[in-house]
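Structural overview
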Amino acid sequence: MTHAVPHLVNRLVIDSEHSFDDVRERYESLVPAIDFAQLVEVIATGDLSRLQAYTAEHTPHAFATYWTLDPMPVLRLSGHRLRAVTYMMGNNVIAETMYRHDPGTILYAPLRTAIYETASGAVQFSIDQPSSKFASFGDPHITEVGAQLDAKLAELLRLMLLPVPPELFKV
């Protein structure tokens, strides 16, 4: 059996008064990259409490970067000059609290973020609002975690010195 699940997602597009380099540097300092070799070693111990401690230690502001893509070397070949970078940001301990209710949540965890320059010279940070994606599973446990992620995202934006969209408080 197959079925479609229509749902509305809020893409949050947040204007910054800071330069691309400043926004990127601040983001990467607050959402550090996970060292996959270390993570694999911790997982290999089979000790869940050790994995949870490792995650807490490496997510000082709730999130870590699991993957980064800077598409600019390829896009410059076609003449593009506006910079952009995208990340997969998340927290494996938080993701598990949704996964236990529906493994399909892995479609949206980790979260995807982007920092980019616009044609008008502005710099924007963009992310799909977590609660608007996870609510589509129709499970109150998952919906609650989505709301918690909204609050954690709001705090991250404050630390990045970016405006916090009011939608993050409407859950």
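Cut-off values and rules
- Residues numbered from 1 in each chain as written.
- Predicted model: local features only at pLDDT ≥ 70, side-chain atom pairs only at ≥ 80, totals over all residues.
- Heavy atoms only, no water.
- Helix = DSSP H or I, 4+ residues; strand = E, 2+ residues; numbered from the N terminus.
- Rg over C-alpha atoms; globule rule 2.2 N^0.38 Å.
- Buried < 20%, exposed > 50% of the residue type's maximum accessible area, 1.4 Å probe, protein only.
- Lys, Arg positive; Asp, Glu negative; His and termini not counted.
- Charge placed at Lys NZ, Arg CZ, Asp CG, Glu CD.
- Core = buried A, V, L, I, M, F, W, Y, C linked by side-chain atoms within 4.5 Å.
- Contact = heavy atoms within 4.5 Å.
- Phe/Tyr/Trp six-rings, centres within 6.5 Å; stacked < 30°, edge-to-face > 60°.
- Polar contact = N/O pair within 3.5 Å; in protein donor to acceptor, adjacent residues only side chain to side chain.

Time to look at the overall build of the protein. Across its full length, the protein holds 7 helices and 5 strands. Helices (α) and strands (β) of the protein occur, in sequence order from the N terminus, as β-α-α-α-β-α-β-α-β-β-α-α. A compact globule built from 171 residues should have a C-alpha radius of gyration of about 16 Å, and the protein, at 17 Å, falls within 12% of that. Along the three orthogonal principal directions, the C-alpha set of the protein runs to about 45 × 40 × 35 Å. Residues classed as buried in the protein amount to 39% of the 171 residues present. Counting 13 positive and 20 negative side-chain charges, the protein places the centres of these two groups 5 Å from one another.

Right, let's talk about the nonpolar core for a bit. Nonpolar side chains in soluble globular proteins tend to be buried together. By size, the foremost hydrophobic cluster in this structure holds 33 residues, and its most contacted members are Tyr27, Ile115 and Phe125. Elements represented by at least two residues in this core include exactly strand 1 (11-16), helix 1 (20-30), strand 3 (84-90), helix 5 (92-99), strand 4 (111-117), strand 5 (123-128) and helix 7 (140-159). No other element matches the 7 residues that helix 7 contributes to this core. Each residue touching isoleucine 115, except ones within four places of it in the same chain, is listed here: Phe20, Val23, Arg24, Tyr27, Arg83, Ala84, Val85, Tyr87, Val123, Gln124 and Phe125. Ranked by size, the runner-up nonpolar core spans 7 residues in total, among them Ile34, Leu39, Leu51 and Tyr54.

Attention now moves to the packing of aromatic side chains. Under the definition given, this model contains 5 aromatic pairs. Judged by centre distance (6.1 Å) and plane angle (85°), the ring pair of tyrosine 108 and phenylalanine 134 falls under edge-to-face. Of this pair, tyrosine 108 sits in the loop between helix 5 and strand 4 while phenylalanine 134 sits in helix 6 (residues 130-134), placing them 26 residues apart in sequence. There is no split in this pair, since tyrosine 108 and phenylalanine 134 are both buried.

This next bit is on the side chain of serine 16. With respect to the helices and strands, serine 16 occurs in strand 1. Serine 16 gets classed as buried once you look at its relative accessible area, which sits at 12%. Engagement of the side chain of serine 16 in a polar contact is seen with the backbone nitrogen of histidine 18, the distance being 2.9 Å. Once you skip the residues sitting within four places of it in the chain, serine 16 turns out to touch Val23, Val123 and Leu162.

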